[in-house]
Each structure stands twice: as structure tokens, then as C-alpha cells.
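The residues making up each chain are set out below.
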Amino acid sequence: MTEKEKKLSVGVLRESFPGEKRVALIPIGAETLVKAGFRVLLEGGAGLKAGFPDREYEKRGVEILPNRESVCSQADILLAVRAAGANPDGWPHEVKDLREGQILIGFLEPLTARQPIEELANRGVTAFAVELVPRITRAQSMDALSSMATVAGYRAVLLAANFLPKMFPMLTTAAGTITPSRVLVIGAGVAGLQAIATARRLGAVVSGYDIRPAAREQVESLGAKFVVLGLETDEAEAEGGYARAMGEDFYRRQRELLGKVAAENDVVICTAAVPGKKAPLLITAESVRAMRPGSVIVDLAAERGGNCELTQPGRVVVEKGVTILGPVNLPSDIPYHASQMYSKNLCQFILHLVKNGKPDLDSEDRILKETLVTHRGKIVNPRVRKALGITEEGKDSASRGGHD
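Parameters at a glance
Residues numbered from 1 in each chain as written. Predicted model: local features only at pLDDT ≥ 70, side-chain atom pairs only at ≥ 80, totals over all residues. Heavy atoms only, no water. Helix = DSSP H or I, 4+ residues; strand = E, 2+ residues; numbered from the N terminus. Rg over C-alpha atoms; globule rule 2.2 N^0.38 Å. Buried < 20%, exposed > 50% of the residue type's maximum accessible area, 1.4 Å probe, protein only. Core = buried A, V, L, I, M, F, W, Y, C linked by side-chain atoms within 4.5 Å. Contact = heavy atoms within 4.5 Å. Pairing = 2+ DSSP bridges. Polar contact = N/O pair within 3.5 Å; in protein donor to acceptor, adjacent residues only side chain to side chain. Phe/Tyr/Trp six-rings, centres within 6.5 Å; stacked < 30°, edge-to-face > 60°. Lys NZ or Arg CZ within 6 Å of the ring centre and 35° of its normal. Right-handed = clockwise from strand over helix to strand, strands pointing away.

Draft legend 1. Structural view of the overall build of the protein. Counting its secondary structure elements, the protein contains 14 helices and 19 strands. For a compact globule of 404 residues, the expected C-alpha radius of gyration is about 22 Å, and the protein comes in at 23 Å, within 12% of that figure. Projected onto the principal axes, the alpha-carbon positions of the protein cover approximately 75 × 70 × 35 Å. Taken over 404 residues, the protein has a buried fraction of 54%.

Draft legend 2. The arrangement of the nonpolar core in detail. If you look at the biggest cluster of nonpolar residues, it comprises 45 residues, and the most contacted ones within it are L79, I105 and Y342. Looking at this core, the element that brings in the most residues is helix α12 (residues 335-353), giving seven residues. The residues touching I105, leaving out its near neighbours within four places in the chain, are I77, L78, L79, A80, F128, V130, L346, F349, I350 and L353.

Draft legend 3. Seen up close, the sheet that holds strand β10 (residues 205-209). Pairing is mixed in the open sheet, where seven strands are placed in the order β11-β10-β9-β12-β13-β15-β14. Looking at which strands have only one partner, the edges of the open sheet turn out to be β11 (225-226) and β14 (316-319). Bridge count between strand β12 (residues 267-270) and strand β13 (residues 296-299): four bridges; the pairing is parallel. In the strand pairing of β13, V267 is matched with V296.

Draft legend 4. Quick look at the environment of I379. Among the secondary structure elements, I379 is positioned in strand β19 (residues 378-379). Of the residues examined, I379 reaches a relative accessible area of 8% and is grouped as buried. Separated by 81 residues in sequence, I379 and V298 place their C-alpha atoms 36 Å apart. Sequence-distant contacts of I379, that is, excluding residues within four places in its chain, are made with I117, E118, A121, V373, T374, V384, R385 and I390.

Draft legend 5. Local environment of the side chain of T284. You can see T284 is positioned in the loop between β12 and α11 (285-289). Polar contacts involving the side chain of T284 include one to the side chain of S287, which spans 3.0 Å. If we skip the residues at most four places from it in the chain, T284 touches R255 and E309.

Draft legend 6. Representation of the sheet that holds strand β6 (residues 126-129). Reading across the sheet, the eight strands line up as β3-β2-β1-β4-β5-β6-β18-β19 and stay open at both edges, with mixed pairing between neighbours. Since the sheet does not close on itself, it has two edges, and those belong to β3 (63-65) and β19, each with one partner. Where strand β5 (residues 103-107) meets β6, four bridges bridge the pair, whose relative direction is parallel. Residue pairing across strands places I103 opposite T126, the latter belonging to β6.

Draft legend 7. Fine view of the side chain of H375. Tracing the backbone shows H375 in strand β18 (residues 372-375). Excluding its chain neighbours within four sequence positions, the residues that come into contact with H375 are V125, T126, L361, D362 and V380.

Draft legend 8. Local environment of the packing of aromatic side chains. Taken as a whole and assessed by the stated rule, the structure comprises three aromatic pairs. For the ring pair F107 and Y342, a centre distance of 5.5 Å and an interplane angle of 15° mean the geometry is stacked. Taken together, the residues span a long stretch of sequence, with F107 in strand β5 and Y342 in helix α12 at a distance of 235 residues. A relative accessible area of 10% places F107 in the buried class. Residues F128 and F349 carry aromatic rings whose centres are separated by 5.4 Å and whose planes lie at 70° to one another, so their mutual orientation is edge-to-face. With a gap of 221 residues between them, F128 in strand β6 and F349 in helix α12 connect regions that are remote in the sequence. You'll find F128 and F349 in the same group, each marked buried. In this structure, R82 is placed above the aromatic ring of F17, and the distance from its NZ or CZ to the ring centre is 3.9 Å.

Draft legend 9. Structural detail: the pairing of β10. Within β10, four of the five residues are buried, which leaves the element mostly enclosed by the surrounding structure. One ladder, built from five bridges, connects strand β9 (residues 182-186) with β10; its direction is parallel. Its bridge partner being in β10, V183 is matched across the sheet by V206. With helix α8 (residues 190-201) bridging β9 and the parallel β10, this β-α-β connection has right-handed handedness.

Draft legend 10. Summary view of the environment of R114. Within the secondary structure, R114 sits in helix α6 (residues 114-122). Measuring from C-alpha to C-alpha, the distance between R114 and A84 comes to 9.6 Å, with 30 residues separating the pair along the chain. Polar contacts involving the side chain of R114 include one to the side chain of E118, which spans 2.7 Å.

Draft legend 11. View of the pairing of β6. The two faces of β6 match: T126 and F128 on one face and A127 and A129 on the other face are all buried. Assessed by its sense of winding, the connection that carries the chain from β5 through α6 to β6 is right-handed. In terms of strand pairing, β6 meets β18 through two bridges, oriented antiparallel. Looking at the pairing, A127 lines up with T374 of β18.

Draft legend 12. Structural context of unusual backbone geometry. Of note, K320 is a non-glycine position whose phi angle comes to about 55°, a positive value. Here K320 lies in the loop between β14 and β15 (322-325). Residue K320 is classed as exposed on the basis of its relative accessible area of 61%. Not every positive phi belongs to a glycine, and N356 is a case in point at roughly 55°. For N356, a relative accessible area of 83% puts it in the exposed group.

By themselves, these observations are geometric and do not establish any function.
See the structure below:
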């Protein structure tokens, strides 16, 4: 066996999800792995749409291969942005190239996409879902979900500014004073806080709302007003820092109150999402019709069903003069920096996973345990098994039948 063959190899694939411009590893990230002793393989052209041509990778010791099949056949670890369930139409074509014992790292949508996850298990692939990285201090450098939410929050404000028939900042001109636009951001997670910060930088008067009382300090620290509806509760935050689904009575009262607040604003940016579940409905059609003509809603939860009742994923809807945007995959609109952040997350994850030249797959480390989805032919993640309705015996709890 040659020295090259002894090295653990990391393969980077060209994304096949429609419109996806990001790449899982940028040249400087590849260089980090090469210096750490890895052999890095790139499917030719994988980074081009993000602004990273093959020659930049070659300068840093990356081997450029002609197609996906050649990368998959040689790589021990495969990196992707959107794979398995995160690539709903393309996953059957992609999974067929994977082999037993191979490691796959990327966004996988494991909590909702049962068929592709089962196929990964059937093929003996060891799959890590980066969206399951726990929100703990030790894992911050690997938190890809937060990285992409940062990009999405920023981009959402730019979209709103583009569609709004007003300027964001207050301006004093010879033709009179222009009053600032009013922006409401619903959800003070990573995307929401970045949206608040960006809207403030553009000069808008910004308000933020979140059902978690602890979010108030974060919203106000960015110069925004915290909206108090009287419904705030610590129970809204689940273990790991993610949102917890609330009851329908709670959401009904929340919709009533948020509708009144939304009507006072020019822009509403919705960011509320619960992992593995349909996004909560927060803005009703009736509330939209009560907003001023020319107002804009940007619904970042569009791929999960939307926080606004009238949202249509990937489309622009106009209702009574109000424009509702349902963008999907916003980080792909800023692929250079989105790829830069994602690449850093994956590099840190790989360096955490691989010890002494070998993947530490049996580790009791919390980060690895919570992100490992499939291993040795099984779906091993308890959270994923519960979400997909899989019992300990491997049967579907929703279809076992029988009577009490």
C-alpha cells in the first residue's frame, strides 16, 4: 500500500440540489485538512458556483477528479451540503454511489425524511447530520445550522428592502424628511437576531418578538424594541437550545396578538421553526389583509410550511397589496461566504471525529452521539428514531396495527 493510499481520504461532491451554489469545502479548508494528514479529493467544478475554481484547490494539494463516481469510489469520508433527505429529488441517484463503511457528513433532514435515511442505513453508510449538532459551547465551531441561519437572516432583510416601496432609513432632504421604515422580526434565534442587526444597520426602526423571555436581552442589545404579548414562557425552549412546539391554544392566542403588531409595521420577517415539525402558523390571511398596501412579509419558514398562512415556498404572492415572499435555500444566494462558514464547520467536525488517523465512531462524545444517524446498517440516533416512529425492534410504531 502506498503512502497516499494509507491516508484517510475526504471527498467533496458537486451539489445536485436545484439551484444550490454552495460547496462543502473551500480551498483554505481543504488546505487545513491536507496539513492535518488527509488526502482531499474534489469533484471537478464543485466550487465554481461559489467562486472557488479548481485551480485554487489544486494550489492547496487537492486532487481534482472527473466525476462523482470517481470521488465516491476513493473517499473514506464524503462531504456534502444537501444530501439524503435534504435533496428530495436527487437522493436516489446520489445514494447509489455510496458504499458500506463510508462516512457521509452534511445536511440530511433526518427527522422528516425516512426513506433516504433508511437507504443510507441499508447500504451500511455511517451518516452524520450536521443540523443535529447540539447547541453547546464546545460545539459552536461546528454549528452549521447557526452559520446558515446567519446568512439567511441577513439575506432576508435585503430581500425585504428590495420589494418594499420605501427606504429603510430616516433621511432629511431638501424635499422634506423621509420617515424610517418599521420592521418586525418574529423569532429571536440566530436568523432572527441577524435580521434585526441588518435591519438596524439599514436604518429601520426594528422590533423583535420571541416567546422565550430570555430573548429580550438579546433583542434589546441590538437596539431593537422587544414586543411583549404576555405569552412569553421558558417552556418554549427545548434541550439543546432549539425551539419546542407549543399547544394550538397558545398559537391561536399568539396569532391574534401578532396580527395587531404586524399591522403597525412595513416589513415582517418570520423565522420561527421547530426542528422536525411543521412551522407554527403565526400570521393569518386575515392579518395579512389588515396590513398596509406595500408592506412586505419574508417567511424564512417557507420550506417547513411557513409562519404565514399565505406563504408559498419559492414564490412571491401579493394579497391586497401586501407582498409575501417564501424564499427557500437563502444561504445559496450568498454562496461564497455561506460556503466559507460551512467549510469551517465541517473542518472542525472532521478534526473532532478523527483521532490518530481513524474515525472515533464508538465515542461517547455528546457531539458525535447526537449527530450520528446511521451506522452498521441501522438508524442509531434515538431522536431520529422517535421522530420517524421507529421502535427498538426496528418496526414502524405507526403501522404495527392490532387492538388494545
